[in-house]
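Geometric and topological summary
Spelled out, the chains give:
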Amino acid sequence: MSVTQSDSAAISGKLEGWNRPAAIEPKNEGELLEVAMGPHHPSTHGVFRMDVALDGERVIRLRPVFGYLHRNHEKIAEGQSYLASMPYTDRLDYICPITNNWAYALAVEKLTGQEVPERAEYLRVILGELTRFQNHASSIGFLIQEMGATGTPLMYAFREREKILDLFEELTGARMMVNYMRFGGCRVDASAAWLDRTRKVVSGLAGFVDEFDLLLSTNEILMARTQGVGVLRPELAVNAGVTGPMLRASGVNYDIRKVDGYGIYNRFNFRVPLGDHGDVYDRYMIRMLEMRESIVILEQALKDIQPGPVMDPKARIRGLRPKPGEAYGRIEAPKGELGFYLISDGGPNPYRYRVRPPSLINLTVLEDMCLGVNVADVVLIFGSVDIVLGEVDR
Amino acid sequence: MNTVEEIKSAIEAAVPDAVVEIAPNPNPSLQHSLRIAPECALAVAKFLRDDEELKLDYLSNVTGVDWPESLEAVYHLYSVEKKHGPVIIRMHTVNRTDQVELPSLTPIWRSAEFQEREIFDLYGIVFTGHPDLRRLLMWEGFKDHPMRRDYVEPDDFEYEPTPHDEVLKRAQAHQAVVAGEQESEGGA
């Protein structure tokens, strides 16, 4: 294990009372080595850089550097109509475009007070939970890949992801850039045949999670590499605005599906898995358990869905001019709290359009988790945060 | 969950010299906010975080807004412990040019760290008391603040064989600049 008992006691002692990372003193046995991990490091999931100062193998300082993928998404959205930003939200977190659509649609619906028909709410839940499932499966796959298990678990995850993306393609016309939701409903209705195919895919997902669980959860290397590594204390997690599986792995019971009950989430029975230790293994395990809960929600939603309209007939989509005012809408996206904050001045474009990116804010504590660990574990800790650079840099 | 009026009177009771106004939101979302004078913002923020009844321990979102007369920072607060929210507080700078300081709330909520850096970068609000105020998304040495509404895009001309519309205008403007530069060089 990389952090010795006395080390971690020293670190946690220094963290108390103040919400900044502790300064770790080098042992002065040689020069500090400054390493730029990224922006082309294979483990950074895109173009992201960590400037790391190393004392031997130990991390003394870590500075994340952002902006390589910055295209000022918010400025672009301020220059076009509300509807024109919908396809562009797909490009934020491109692994989970459906939930980005959903958060944006929810914010605009709050701004205009639009209702969403029941069938559209069910379709949103079904697609949202399928998205969560494939995001968690592939993020576990990437994490294991970074541990050295090249290929196999990731390809198992991608096998399931392909089935889910095929469903997306059939319904929306695109595997990833779906542009599916509208203010007041969904763009197209799902056919009975599509729902049947979805039921068939969902019935196979539990077997996949069992297989994945059996393959990985008690694997000796995985346990040795992840348990006790990258511990995040619950108080710091809340104070630093960490959300999603990372927050719950630290044992904080906060799931926006339960807290806000947006859409129709109040109707479903599901549990919120919580971690004990807040280490990398807990984050892995929370994602595994959340996949099982997603299957539970999917089964209920696919059983209860009724025929009906998928768009509010009174909904105004093109030429939308909300009354002056503002609204903040947020959902539990697979990576954490995804929110959109919109200010309207009564015109056809938003006066201010802000994305609350969970990936960026979850990285606030990256340095705290990485101080004092070996540089090889930085890759794992970073992988366990689960980010997408399209959303971090916007 | 308390109404904004109740929160306002609670703040005024606990922080004696606090200046708090309610900013109503006529919109169907009915998310009203509290406008707070920057001088008392740290004390108010500490009260909101630590008060037994409110316990707004989770700062979700920090937004910069560019208004015609001033810059604004908007904070969306929730409570993880009590599971309520949002309580929205906002602060204005004096103007948009030389008095653009606001107190940083990063000492109260760490989640403001990157978000305030982003606002400093894109809007140019200077957060005093921020432990590490550097640009977040633009590179070091970048001069302007791209999210401001009067931001002028740099002359980033790229050759295009058949320019038209906006691209043609930009190409002509660029060629005029280049011609001017060459003339002044020739003169010198």
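Computed from a prediction, not measured in an experiment: that's the story for all the values here.

In terms of regular secondary structure, chain A is built from 16 helices and 8 strands. A globule of 394 residues ought to have a C-alpha radius of gyration of about 21 Å, and chain A, at 21 Å, matches this closely. For the C-alpha atoms alone, the extent of chain A along its principal axes is close to 70 × 50 × 35 Å. Expressed as a percentage of its 394 residues, the buried residues of chain A come to 52%.

For the rest of this paragraph, the subject is the overall build of chain B. Of regular secondary structure, chain B possesses 4 helices and 7 strands. Reading chain B from its N terminus to its C terminus gives the helix and strand order α-β-β-α-β-β-β-β-α-β-α. For 188 residues, the compact-globule formula gives about 16 Å, and the C-alpha radius of gyration of chain B, at 22 Å, lies well above that figure. Summarising its shape, the C-alpha atoms of chain B cover approximately 70 × 35 × 25 Å along the three principal directions. Counting the 188 residues in chain B, one finds 36% classified as buried. Contacts in chain B between residues at least 24 apart in sequence constitute 45% of all its contacts with a sequence separation of at least 6.

Before going further, it helps to examine the pairing of strand β5 (residues 87–92) of chain B. Residue and element names in this part refer to chain B. Inspection of the sheet shows strand β2 (residues 33–36) paired to β5 by 3 bridges, in the parallel sense. Across the sheet, residue Arg 35 finds its bridge partner in β5, namely Arg 90. Pairing analysis gives 6 bridges linking strand β4 (residues 71–78) to β5, with the strands arranged antiparallel. Its bridge partner being in β5, His 76 is matched across the sheet by Ile 88.

Residue and element names in this part refer to chain A. The strand order across the open sheet built from 3 strands is β6-β7-β8, with neighbouring strands paired in antiparallel fashion. Looking along the sheet, the strands with just one partner apiece sit at the ends: β6 (325–333) and β8 (352–356). When the angles between neighbouring strand axes are averaged without regard to direction, this sheet yields 10 degrees. In this sheet, strand β7 (residues 336–344) lies alongside β6 in antiparallel orientation, the contact comprising 9 bridges. Its bridge partner lying in β7, Ile 331 is registered against Leu 338. Sitting on the sheet, helix α4 (residues 97–112) is in contact with β6 and β7, with an inclination near 150 degrees to β6.

Our focus in this paragraph is α4 of chain A. Residue and element names in this part refer to chain A. With 16 residues, α4 ought to run about 22 Å at 1.5 Å a step, and its terminal C-alpha atoms sit 23 Å apart, in line with that. The buried fraction of α4 is high, at 16 of 16 residues. Gly 113 occupies a position one or two residues after α4 and carries a positive phi of about 75 degrees.

Quick look at the packing of helix α7 (residues 192–216) of chain A against helix α12 (residues 280–304) of chain A now. All names here are of chain A. Between α7 and α12, whose axes approach to 10 Å, the crossing angle comes to 155 degrees. With respect to each other, α7 and α12 are oriented roughly antiparallel. The two elements α7 and α12 meet at a crossing, and its hand is left-handed. Residues Leu 195, Thr 198, Arg 199, Val 202, Leu 205, Ala 206, Val 209 and Asp 213 of α7 form the contact with α12, whose participating residues are Met 288, Met 291, Arg 292, Ile 295, Leu 298, Glu 299 and Leu 302. Considering only residue class, the contact of α7 with α12 consists of 10 nonpolar, 1 polar and 4 charged.

According to the domain assignment, chain B contains domain 1 (4–150) and domain 2 (153–188). If you average the C-alpha positions of domain 1 of chain B and of domain 2 of chain B, the two centres end up 41 Å apart.

Here we come to the sheet that holds β2 of chain B. Two pairing modes exist for strands in a sheet, parallel and antiparallel, and in both the strands are linked by backbone hydrogen bonds. Residues and elements named next belong to chain B. Taking strand neighbours across the sheet as the criterion, the 5 strands line up as β1-β2-β5-β4-β3 in an open arrangement whose pairing is mixed. Sheet topology places β1 (20–23) and β3 (58–66) at the edges, where each strand pairs with a single neighbour. Averaged over all pairs of adjacent strands, the angle between their axes in this sheet comes to 25 degrees, without regard to strand direction. Pairing of β1 with β2 involves 4 bridges; the strand directions are antiparallel. By the bridge assignment for β2, Ile 22 is matched with Leu 34. Sitting on the sheet, helix α1 (residues 4–14) touches β1, β2 and β5, and the angle it makes with β1 is about 170 degrees.

Okay, the confidence of the model for chain A next. Predicted confidence across chain A gives a mean pLDDT of 86, with 93% of residues reaching 70 or more. Throughout residues 1–18 of chain A the model reports pLDDT below 50, and contacts reaching past four residues in sequence, or to other chains, amount to 15 contacts.

Moving on to the interface of chain B and chain A. The interface of chain B with chain A comprises 29 residues on the first partner and 35 residues on the second. Put simply, the parts of the chain that give the side of chain B that touches chain A at least two residues each are β3 and α3 (112–122) of chain B. The element best represented in the side of chain B that touches chain A is β3 of chain B, accounting for 6 residues. Residues of the side of chain B that touches chain A, tallied by class, amount to 16 nonpolar, 9 polar and 4 charged.

What follows concerns the domain arrangement of chain A. Residue and element names in this part refer to chain A. Structurally, chain A comprises domain 1 (5–65) and domain 2 (73–393). Here the C-alpha centre of domain 2 lies 29 Å away from the C-alpha centre of domain 1. Tallying the contact residues gives 19 residues for domain 1 and 22 residues for domain 2. When residues of the side of domain 1 that touches domain 2 are traced back to their parent elements, those giving at least two are α1 (5–15), β2 (49–55) and β3 (58–65). Residue contributions to the side of domain 1 that touches domain 2 peak at 4 residues, all from β3.

Residues and elements named next belong to chain A. The geometry of helix α6 (residues 152–172) relative to α7 is characterised by a closest axis approach of 11 Å and an angle of 170 degrees between their N-to-C directions. On the basis of their axis angle, the class for α6 and α7 is roughly antiparallel. Pair α6 / α7 crosses with left-handed handedness. For the pair α6 and α7, the contacting residues are Pro 153, Tyr 156, Glu 160, Lys 163, Ile 164, Leu 167, Glu 170 and Leu 171 in the first and Trp 194, Arg 197, Thr 198, Val 201, Leu 205, Phe 208, Phe 212, Leu 215 and Leu 216 in the second. For the contact of α6 with α7, the residue count by class is 12 nonpolar, 1 polar and 4 charged.

The rules behind these values
Residues numbered from 1 in each chain as written. Chains lettered and ligands numbered in written order. Predicted model: local features only at pLDDT ≥ 70, side-chain atom pairs only at ≥ 80, totals over all residues. Helix = DSSP H or I, 4+ residues; strand = E, 2+ residues; numbered from the N terminus. Rg over C-alpha atoms; globule rule 2.2 N^0.38 Å. Buried ≥ 20, exposed ≤ 12 C-beta atoms within 10 Å, placed from the backbone. Contact = placed C-beta atoms within 7 Å. Pairing = 2+ DSSP bridges. Axes fitted to C-alpha atoms, helices over the stretch in contact; angles between N-to-C directions. Expected span 1.5 Å × (residues − 1). Parallel < 35°, antiparallel > 145°, perpendicular 65-115°, else oblique. Left-handed = near helix turned anticlockwise from the far one by under 90°. Nonpolar A, V, L, I, M, F, W, Y, C, P; charged D, E, K, R; others polar. Domains from an automatic or database assignment. pLDDT = per-residue confidence, 0-100.

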